[in-house]
Amino acid sequence: CPAKLLAFCVMDNHAHILTVVKNIEELSKYFRRVNSDYAMYYNRTRNRAGYVFRDRFRSELITDERYMINCLAYIQNNPVKAGIVTNAGDYRYSSYINYMTQGGIIDFEEAEKYYSTKPQNIKEIMIQKTGIWLEHEDREFEDKNEVLNELINKYGLTKNRLKDEDGLLRTVVKEMQSRCKISLREIAGLLE
């Protein structure tokens, strides 16, 4: 798959993955393959059958580098937050070890486009971002319905325009995510 892996953490019943893709179809194809291949491996090694991860994947669009860095730290700190380990470096099913050893399955060439992948930089990111846990920091967010109404007036939004004009849809999504605490799923529901 053309997806480029930047971070991951496999937990007991779910996984976190930070990946770069060109479009939603690539993302769906990637996760279909990851889920089926991993389920086959896991079930074979444990002599079992059935689903490994209980739900379909959920995704969030990352619109800026600061948010990407927060995601990187959140994913790698997930075992710490869950109380499994006290130090992210002690968890072996995470990309943190890949960054510390400069090996593994991370696409370092792609990651370098967004941040330095040197171990010291990754350590600093983890130290700085521990405790934030992707709570969008301490800023206030606007009401999603008010922002949507403003964007409808500003851009003359209609369902047909959003469907036909891909760039307009990206602009609206990016603005809503930057101004509101809202997921892509919620935005899709508002724009239906």
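Our subject is the structure that appears above.
All values derive from a computational prediction rather than experimental measurement.

Caption draft 1: View of the overall build of the protein chain. Along its length, the protein chain carries 9 helices and 2 strands. Along the chain direction, N to C, the helices and strands of the protein chain fall in the order β-β-α-α-α-α-α-α-α-α-α. Taking the principal axes of the C-alpha coordinates as reference, the protein chain spans close to 55 × 40 × 30 Å. Expressed as a percentage of its 192 residues, the buried residues of the protein chain come to 36%. Here the analysis covers contacts within the protein chain between residues at least 6 apart in sequence; of these, 57% occur between residues at least 24 apart. Split by element, the accessible area of the protein chain, about 12,200 Å² in all, is 49% carbon and sulfur. In the protein chain, 29 side chains carry a positive charge and 28 a negative one; their mean positions are 6 Å apart.

Caption draft 2: Fine view of the nonpolar core. Of all hydrophobic cores here, the largest spans 33 residues; its most connected members are L6, L18, L72, Y99, Y115 and I122. If you list the elements that add at least two residues to this core, you get β1 (4-10), β2 (15-20), α1 (24-46), α2 (65-81), α3 (95-101), α4 (108-111) and α5 (119-129). Sort the elements by how many residues they give to this core and α2 lands first, with 8 residues. With sequence-adjacent residues up to four places away left out, I122 is seen in contact with L72, Q76, Y96, Y99, M100, Y115, S116 and T117. In this structure, V173, C180, I182 and I187 belong to the second largest nonpolar core, which totals 13 residues.

Caption draft 3: Just the pattern of salt bridges, in detail. In this structure the tally under the stated criterion is 8 salt bridges. A salt bridge links R179 to E142, with the shortest nitrogen-to-oxygen separation between them at 2.7 Å. Taken as a pair, R179 in helix α8 (residues 166-179) and E142 in the loop between α5 and α6 (144-155) lie far apart in primary sequence, 37 residues in all. Between K154 and E175 there is a salt bridge, with the nearest N and O atoms lying 3.6 Å from each other. Here K154 is found in helix α6, whereas its partner E175 is found in helix α8, with 21 residues between them in sequence.

Caption draft 4: Representation of the packing of aromatic side chains in the model. Evaluated as defined, the whole model comprises 6 aromatic pairs. Measuring from ring centre to ring centre gives 5.6 Å for Y99 and F108, while their planes differ by 85°; the resulting arrangement is edge-to-face. This pair shows no difference in class: Y99 is buried, exactly as F108 is.

Caption draft 5: How the structure looks around the environment of L190. The topology assignment puts L190 in helix α9 (residues 184-191). With 45 residues separating them along the chain, L190 and N145 place their C-alpha atoms 8.2 Å apart. Discounting residues that sit within four places of it in the chain, L190 has contacts with K144, N145, L148, M176 and I182.

Caption draft 6: Spatial organisation of the side chain of S95. Here S95 is to be found in helix α3. Its relative accessible area of 0% is what places S95 among the buried residues. With residues up to four places along the chain from it excluded, the contact list for S95 reads L6, A7, F8, Q76 and I106.

Caption draft 7: Inspection of the pairing of β2 at higher detail. In the sheet, β1 pairs with β2 via 6 bridges, with the strands oriented antiparallel. Residue pairing in the sheet places K4 in a bridge with V20 of β2. In textbook terms, the turn of a hairpin is the stretch between consecutive antiparallel strands, and for β1 and β2 this stretch comprises 4 residues.

Caption draft 8: Up close: unusual backbone geometry. Within the chain, N47 stands out as a residue other than glycine whose phi angle is a positive 50°. Counting through the fold element by element, N47 comes out in the loop between α1 and α2.

What counts, and where the lines are drawn
- Residues numbered from 1 in each chain as written.
- Predicted model: local features only at pLDDT ≥ 70, side-chain atom pairs only at ≥ 80, totals over all residues.
- Heavy atoms only, no water.
- Helix = DSSP H or I, 4+ residues; strand = E, 2+ residues; numbered from the N terminus.
- Buried < 20%, exposed > 50% of the residue type's maximum accessible area, 1.4 Å probe, protein only.
- Contact = heavy atoms within 4.5 Å.
- Areas by Shrake-Rupley, 256 points an atom, 1.4 Å probe, with all protein chains shown as cover.
- Lys, Arg positive; Asp, Glu negative; His and termini not counted.
- Charge placed at Lys NZ, Arg CZ, Asp CG, Glu CD.
- Core = buried A, V, L, I, M, F, W, Y, C linked by side-chain atoms within 4.5 Å.
- Salt bridge = Lys/Arg side-chain N within 4 Å of Asp/Glu carboxyl O.
- Phe/Tyr/Trp six-rings, centres within 6.5 Å; stacked < 30°, edge-to-face > 60°.
- Pairing = 2+ DSSP bridges.

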